[in-house]
Amino acid sequence: MAGPAADAHLLSLGAAEATPDWFVHAGAAFPDLVLLADLPRPGGGPPFAGAWAGVLGGRLNHALILGEEPEAVIAIGINPDLGFEAAETLRLRSRRLNDYLIVETGGFRIAYRAAAGGLEARLATPAGEVVEGLLRPRPDLLRRGGTVGAVARDRCGDLAAASSTGGFGSKLSGRVGDTPLIGAGTYADNRTVAISTTGHGEYFIRHTVAAQIAGRLRFGDETLAEALRHVIVDELSEVGGDGGVIAVDASGRVEIAFNTDGMVRGWTTDRLPPQTMTGGHAP
Ligand code: ASP
(Lines give C-alpha, C1' and ligand atoms only; values in the text may rest on other atoms or scores of the structure.)
Protein backbone atom coordinates (compact mmCIF):
# COMPACT_ATOMS: atom_id res chain seq x y z
CA MET A 1 0.00 0.00 0.00
CA ALA A 2 1.20 3.51 -0.73
CA GLY A 3 -0.20 7.03 -0.74
CA PRO A 4 -3.42 8.26 0.90
CA ALA A 5 -4.90 4.78 1.34
CA ALA A 6 -1.79 3.65 3.23
CA ASP A 7 -1.89 6.80 5.37
CA ALA A 8 -5.55 6.23 6.21
CA HIS A 9 -4.91 2.59 7.05
CA LEU A 10 -2.01 3.40 9.36
CA LEU A 11 -3.96 6.19 11.07
CA SER A 12 -6.80 3.75 11.70
CA LEU A 13 -4.25 1.55 13.47
CA GLY A 14 -3.25 4.48 15.68
CA ALA A 15 0.06 5.43 14.04
CA ALA A 16 1.48 8.82 14.99
CA GLU A 17 1.41 11.38 12.17
CA ALA A 18 3.81 14.24 11.41
CA THR A 19 2.93 17.25 9.28
CA PRO A 20 5.01 17.80 6.12
CA ASP A 21 6.99 20.65 7.70
CA TRP A 22 8.48 18.20 10.23
CA PHE A 23 10.37 16.67 7.33
CA VAL A 24 11.53 19.97 5.84
CA HIS A 25 14.66 21.75 6.93
CA ALA A 26 17.01 24.26 5.43
CA GLY A 27 19.18 21.73 3.66
CA ALA A 28 16.36 19.65 2.26
CA ALA A 29 16.74 21.14 -1.20
CA PHE A 30 20.38 20.11 -1.21
CA PRO A 31 20.45 16.62 0.26
CA ASP A 32 24.19 16.23 -0.17
CA LEU A 33 24.96 19.23 1.98
CA VAL A 34 26.02 19.04 5.57
CA LEU A 35 25.29 21.78 8.04
CA LEU A 36 28.47 23.22 9.39
CA ALA A 37 29.02 25.02 12.62
CA ASP A 38 27.99 28.64 12.43
CA LEU A 39 30.53 31.11 11.22
CA PRO A 40 31.88 33.09 14.19
CA ARG A 41 31.20 36.81 14.20
CA PRO A 42 34.26 38.99 14.71
CA GLY A 43 34.26 40.69 18.08
CA GLY A 44 31.75 38.21 19.50
CA GLY A 45 28.00 38.34 19.23
CA PRO A 46 25.77 35.77 17.65
CA PRO A 47 27.48 33.79 14.91
CA PHE A 48 26.48 34.18 11.31
CA ALA A 49 23.66 31.90 10.36
CA GLY A 50 24.40 28.27 9.54
CA ALA A 51 26.71 27.57 6.68
CA TRP A 52 26.01 24.52 4.58
CA ALA A 53 28.60 22.86 2.51
CA GLY A 54 29.17 19.77 0.52
CA VAL A 55 32.61 18.28 0.49
CA LEU A 56 32.61 15.15 -1.62
CA GLY A 57 35.65 13.17 -2.55
CA GLY A 58 37.87 15.65 -0.72
CA ARG A 59 36.78 18.42 -3.06
CA LEU A 60 34.47 21.30 -2.32
CA ASN A 61 31.45 20.65 -4.46
CA HIS A 62 28.98 23.24 -3.44
CA ALA A 63 28.21 25.59 -0.64
CA LEU A 64 25.05 27.16 0.61
CA ILE A 65 25.10 30.02 3.01
CA LEU A 66 21.94 30.91 4.78
CA GLY A 67 21.88 34.67 4.86
CA GLU A 68 20.81 36.81 7.72
CA GLU A 69 17.52 37.81 6.16
CA PRO A 70 15.07 34.94 5.96
CA GLU A 71 14.85 35.05 2.17
CA ALA A 72 18.57 35.41 1.59
CA VAL A 73 19.44 31.84 0.84
CA ILE A 74 22.48 31.66 -1.32
CA ALA A 75 23.52 28.63 -3.26
CA ILE A 76 26.82 28.22 -4.95
CA GLY A 77 27.40 25.17 -7.05
CA ILE A 78 30.67 24.21 -8.55
CA ASN A 79 29.99 20.64 -9.47
CA PRO A 80 28.49 20.06 -12.92
CA ASP A 81 27.55 16.50 -11.88
CA LEU A 82 25.14 17.98 -9.40
CA GLY A 83 23.41 20.12 -11.97
CA PHE A 84 25.41 23.30 -11.65
CA GLU A 85 26.98 24.59 -14.80
CA ALA A 86 29.87 26.31 -13.13
CA ALA A 87 30.44 28.50 -10.11
CA GLU A 88 26.87 29.64 -10.20
CA THR A 89 25.35 31.74 -7.48
CA LEU A 90 21.81 32.66 -6.85
CA ARG A 91 22.41 35.80 -4.84
CA LEU A 92 26.11 36.33 -4.43
CA ARG A 93 29.14 36.69 -6.55
CA SER A 94 31.65 33.91 -6.20
CA ARG A 95 34.82 32.87 -7.90
CA ARG A 96 37.37 30.11 -7.72
CA LEU A 97 40.96 30.88 -6.85
CA ASN A 98 43.10 27.75 -6.80
CA ASP A 99 41.53 25.56 -4.12
CA TYR A 100 39.38 28.36 -2.75
CA LEU A 101 35.83 29.30 -3.41
CA ILE A 102 35.48 33.01 -2.72
CA VAL A 103 32.17 34.61 -1.97
CA GLU A 104 31.60 38.33 -1.62
CA THR A 105 28.56 40.01 -0.19
CA GLY A 106 27.83 43.33 1.50
CA GLY A 107 31.50 44.04 1.98
CA PHE A 108 32.11 40.59 3.51
CA ARG A 109 34.44 38.22 1.77
CA ILE A 110 34.49 34.52 2.63
CA ALA A 111 37.05 32.11 1.24
CA TYR A 112 36.25 28.41 1.59
CA ARG A 113 38.53 25.49 1.07
CA ALA A 114 37.90 21.81 1.61
CA ALA A 115 40.02 20.55 4.50
CA ALA A 116 40.32 17.38 6.50
CA GLY A 117 37.41 17.19 8.91
CA GLY A 118 35.36 20.03 7.47
CA LEU A 119 35.52 23.21 5.48
CA GLU A 120 38.14 25.86 6.11
CA ALA A 121 36.62 29.34 6.06
CA ARG A 122 38.23 32.74 6.19
CA LEU A 123 35.88 35.65 6.62
CA ALA A 124 36.95 39.26 6.13
CA THR A 125 34.53 41.93 7.30
CA PRO A 126 34.02 45.36 5.74
CA ALA A 127 35.97 46.80 8.71
CA GLY A 128 38.95 44.67 7.79
CA GLU A 129 38.63 42.15 10.62
CA VAL A 130 39.42 38.55 9.76
CA VAL A 131 37.97 35.39 11.24
CA GLU A 132 39.37 32.03 10.34
CA GLY A 133 38.17 28.63 11.32
CA LEU A 134 37.36 25.12 10.41
CA LEU A 135 33.65 24.61 9.87
CA ARG A 136 32.92 21.16 11.15
CA PRO A 137 29.94 19.04 10.26
CA ARG A 138 27.24 19.11 12.89
CA PRO A 139 25.89 15.57 12.97
CA ASP A 140 23.27 16.65 15.48
CA LEU A 141 21.80 19.00 12.88
CA LEU A 142 21.94 16.68 9.93
CA ARG A 143 18.89 15.22 8.29
CA ARG A 144 16.34 13.92 10.70
CA GLY A 145 15.62 10.25 10.59
CA GLY A 146 17.43 8.28 7.95
CA THR A 147 17.20 4.64 7.15
CA VAL A 148 17.21 1.97 9.82
CA GLY A 149 17.45 -1.71 8.99
CA ALA A 150 17.60 -4.86 11.07
CA VAL A 151 18.25 -8.50 10.28
CA ALA A 152 18.00 -11.37 12.72
CA ARG A 153 18.29 -15.12 13.03
CA ASP A 154 16.62 -16.68 16.04
CA ARG A 155 17.52 -19.87 17.88
CA CYS A 156 15.12 -21.89 15.69
CA GLY A 157 16.95 -20.71 12.57
CA ASP A 158 14.20 -18.37 11.39
CA LEU A 159 15.53 -15.35 9.50
CA ALA A 160 13.86 -11.94 9.47
CA ALA A 161 14.59 -8.54 7.93
CA ALA A 162 13.02 -5.12 8.49
CA SER A 163 13.79 -1.69 7.01
CA SER A 164 12.37 1.77 7.61
CA THR A 165 13.25 5.04 5.90
CA GLY A 166 12.31 8.62 5.28
CA GLY A 167 13.71 8.17 1.77
CA PHE A 168 15.64 11.02 0.25
CA GLY A 169 15.29 14.78 0.55
CA SER A 170 13.76 16.46 -2.49
CA LYS A 171 12.36 13.18 -3.74
CA LEU A 172 9.52 13.14 -6.20
CA SER A 173 6.11 13.17 -4.66
CA GLY A 174 4.80 9.62 -4.64
CA ARG A 175 8.22 8.02 -4.98
CA VAL A 176 8.46 4.56 -3.48
CA GLY A 177 12.06 3.62 -2.77
CA ASP A 178 13.66 0.23 -2.34
CA THR A 179 13.13 0.03 1.42
CA PRO A 180 9.55 -1.34 1.41
CA LEU A 181 10.01 -3.38 -1.76
CA ILE A 182 10.64 -7.00 -0.81
CA GLY A 183 13.55 -8.25 -2.88
CA ALA A 184 15.03 -4.78 -3.41
CA GLY A 185 15.70 -3.23 0.00
CA THR A 186 14.44 -5.96 2.29
CA TYR A 187 14.42 -9.74 2.01
CA ALA A 188 14.57 -12.83 4.20
CA ASP A 189 14.46 -16.51 3.28
CA ASN A 190 15.26 -19.22 5.82
CA ARG A 191 17.09 -21.17 3.13
CA THR A 192 19.67 -18.45 2.58
CA VAL A 193 19.86 -15.02 4.16
CA ALA A 194 18.14 -11.99 5.66
CA ILE A 195 19.08 -8.64 4.07
CA SER A 196 18.34 -4.99 4.76
CA THR A 197 19.78 -2.21 2.60
CA THR A 198 20.39 1.52 2.62
CA GLY A 199 21.46 3.79 -0.20
CA HIS A 200 20.27 5.07 -3.56
CA GLY A 201 17.04 3.13 -3.74
CA GLU A 202 16.65 3.42 -7.51
CA TYR A 203 19.77 1.30 -7.99
CA PHE A 204 18.78 -1.22 -5.34
CA ILE A 205 15.46 -1.65 -7.13
CA ARG A 206 17.01 -1.98 -10.59
CA HIS A 207 19.50 -4.56 -9.35
CA THR A 208 17.02 -6.31 -7.02
CA VAL A 209 19.86 -6.21 -4.54
CA ALA A 210 18.42 -8.11 -1.59
CA ALA A 211 16.88 -10.91 -3.67
CA GLN A 212 19.95 -11.09 -5.87
CA ILE A 213 22.19 -11.74 -2.86
CA ALA A 214 19.87 -14.51 -1.69
CA GLY A 215 19.79 -15.94 -5.24
CA ARG A 216 23.57 -15.99 -5.46
CA LEU A 217 23.69 -18.04 -2.27
CA ARG A 218 20.87 -20.35 -3.29
CA PHE A 219 21.81 -21.08 -6.88
CA GLY A 220 25.53 -20.26 -6.99
CA ASP A 221 28.48 -21.31 -4.92
CA GLU A 222 29.42 -17.94 -3.46
CA THR A 223 29.92 -17.31 0.21
CA LEU A 224 27.85 -14.53 1.79
CA ALA A 225 30.88 -12.23 1.85
CA GLU A 226 31.52 -12.89 -1.86
CA ALA A 227 27.89 -12.30 -2.79
CA LEU A 228 27.86 -8.99 -0.93
CA ARG A 229 31.08 -7.92 -2.56
CA HIS A 230 29.85 -8.79 -6.04
CA VAL A 231 26.59 -6.95 -5.69
CA ILE A 232 27.55 -3.93 -3.57
CA VAL A 233 31.18 -3.33 -4.31
CA ASP A 234 31.37 -4.46 -7.95
CA GLU A 235 27.92 -4.16 -9.50
CA LEU A 236 26.47 -1.12 -7.71
CA SER A 237 29.71 0.86 -7.65
CA GLU A 238 30.04 0.40 -11.39
CA VAL A 239 26.72 2.10 -12.06
CA GLY A 240 27.18 4.80 -9.43
CA GLY A 241 24.77 3.41 -6.83
CA ASP A 242 25.96 4.21 -3.30
CA GLY A 243 24.92 2.27 -0.26
CA GLY A 244 25.32 -0.85 1.79
CA VAL A 245 23.65 -3.91 3.26
CA ILE A 246 23.53 -5.80 6.51
CA ALA A 247 23.06 -9.56 6.32
CA VAL A 248 22.78 -12.65 8.47
CA ASP A 249 22.70 -16.06 6.82
CA ALA A 250 21.07 -19.35 7.71
CA SER A 251 24.14 -20.44 9.69
CA GLY A 252 24.07 -17.23 11.74
CA ARG A 253 26.99 -15.60 9.97
CA VAL A 254 26.84 -11.80 10.01
CA GLU A 255 28.24 -9.87 7.04
CA ILE A 256 28.07 -6.17 6.25
CA ALA A 257 29.19 -4.42 3.08
CA PHE A 258 29.04 -0.88 1.73
CA ASN A 259 30.65 1.13 -1.02
CA THR A 260 30.49 4.44 0.86
CA ASP A 261 33.01 5.94 3.30
CA GLY A 262 31.10 4.52 6.23
CA MET A 263 27.83 3.10 7.47
CA VAL A 264 26.55 3.17 11.03
CA ARG A 265 26.13 -0.44 12.05
CA GLY A 266 26.07 -2.81 14.98
CA TRP A 267 25.85 -6.54 15.52
CA THR A 268 25.78 -9.17 18.20
CA THR A 269 25.54 -12.95 18.40
CA ASP A 270 25.24 -15.48 21.21
CA ARG A 271 29.03 -15.49 21.28
CA LEU A 272 29.86 -11.85 20.44
CA PRO A 273 28.99 -8.91 22.68
CA PRO A 274 27.23 -5.99 20.94
CA GLN A 275 29.60 -3.97 18.77
CA THR A 276 29.10 -0.82 16.71
CA MET A 277 31.07 0.93 14.00
CA THR A 278 30.63 3.84 11.64
CA GLY A 279 33.58 3.91 9.22
CA GLY A 280 36.14 1.46 7.91
CA HIS A 281 35.49 -2.12 6.94
CA ALA A 282 33.64 -4.64 9.04
CA PRO A 283 32.69 -6.86 10.62
N1 ASP B 1 17.15 3.47 0.36
C2 ASP B 1 16.37 4.61 0.77
C3 ASP B 1 15.56 5.10 -0.40
O4 ASP B 1 16.04 5.07 -1.53
C5 ASP B 1 17.15 5.75 1.29
C6 ASP B 1 18.28 5.43 2.23
O7 ASP B 1 18.54 4.28 2.54
O8 ASP B 1 18.94 6.38 2.71
O9 ASP B 1 14.48 5.59 -0.20
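What you see is a predicted model, and the numbers here were worked out from it, not measured in a lab.

Participant: Help me out: how do you make sense of the overall build of the protein in this one?
Facilitator: Looking only at helices and strands, the protein features 4 helices and 18 strands. A burial count over the protein gives 33% of its 283 residues as buried. Per element, the accessible surface of the protein, about 16000 Å² overall, is 54% carbon and sulfur.

Participant: What am I meant to see in the site of the ligand here?
Facilitator: Around the ligand, the structure places T147, T165, G167, F168, R175, D178, T179, T198, G199 and G201. One nitrogen or oxygen atom from the main chain of G199 is found 2.8 Å from a nitrogen atom belonging to the ligand. Burial of the ligand by the protein chains amounts to 92% of its free accessible area of 270 Å². In the shell around the ligand, the residues fall into 1 nonpolar, 7 polar and 2 charged.

Participant: Honestly, the sheet that holds strand β13 (residues 186-188) in this entry has me stumped. Any pointers?
Facilitator: Within a sheet, neighbouring strands are paired by backbone hydrogen bonds and run either parallel or antiparallel to one another. Taken in spatial order, the 4 strands of this open sheet run β13-β14-β15-β16, and their pairing is antiparallel. Edge positions in the sheet fall to β13 and β16 (254-258), since each has one partner strand and no second. The sheet shows a mean angle of 10° between the axes of neighbouring strands, direction not considered. Across 3 bridges, β13 lies against strand β14 (residues 193-199) in antiparallel orientation. Looking at β14, one finds that A188 is bridged to A194.

Participant: Can you help me understand the pattern of salt bridges in this one?
Facilitator: Summed over the entire model, instances satisfying the criterion amount to 6 salt bridges. Sharing partners across several salt bridges, the network here consists of R216, E222 and E235.

Participant: What exactly am I supposed to notice about unusual backbone geometry here?
Facilitator: Note on backbone geometry: most residues besides glycine have negative phi, and most peptide bonds are trans. One non-glycine residue with positive phi stands out, namely T208, at about 30°. Tracing the sequence through the fold places T208 in the loop between α2 (201-206) and α3 (209-219). With a relative accessible area of 41%, T208 lands in the partly exposed category.

Participant: Please clarify how the UniProt feature "active site" (unreviewed entry) in the protein should be interpreted in this entry.
Facilitator: According to UniProt, the positions carrying the feature "active site" (unreviewed entry) are T147. In this structure T147 comes out as partly exposed when scored by relative accessible area, which is 32%. Not counting the four nearest positions on each side in its chain, T147 is found in contact with S164, T165, T197 and T198. Engagement of the side chain of T147 in a polar contact is seen with the side chain of T165, the distance being 2.6 Å.

Participant: How should the nonpolar core be read in this particular structure?
Facilitator: Counting 17 residues, the largest nonpolar core has V193, I195, V209, I213, L228, I232 and V245 as its most contacted members. Counting only elements with at least two residues in this core, the list comes to β14, α3, α4 (224-239) and β15 (243-249). For this core, the element with the most residues is α4, which contributes 6 residues. Each residue touching I213, except ones within four places of it in the same chain, is listed here: V193, I195, L224, A227, L228, V231 and V245. Among the nonpolar cores identified, the runner-up in size contains 7 residues, and V103, I110, Y112 and L123 belong to it.

Thresholds, definitions, all that
- Residues numbered from 1 in each chain as written.
- Predicted model: local features only at pLDDT ≥ 70, side-chain atom pairs only at ≥ 80, totals over all residues.
- Heavy atoms only, no water.
- Helix = DSSP H or I, 4+ residues; strand = E, 2+ residues; numbered from the N terminus.
- Buried < 20%, exposed > 50% of the residue type's maximum accessible area, 1.4 Å probe, protein only.
- Areas by Shrake-Rupley, 256 points an atom, 1.4 Å probe, with all protein chains shown as cover.
- Near = heavy atom within 4 Å.
- Polar contact = N/O pair within 3.5 Å; in protein donor to acceptor, adjacent residues only side chain to side chain.
- Nonpolar A, V, L, I, M, F, W, Y, C, P; charged D, E, K, R; others polar.
- Pairing = 2+ DSSP bridges.
- Axes fitted to C-alpha atoms, helices over the stretch in contact; angles between N-to-C directions.
- Salt bridge = Lys/Arg side-chain N within 4 Å of Asp/Glu carboxyl O.
- UniProt positions renumbered as here; feature names shortened; annotations may be inferred.
- Contact = heavy atoms within 4.5 Å.
- Core = buried A, V, L, I, M, F, W, Y, C linked by side-chain atoms within 4.5 Å.

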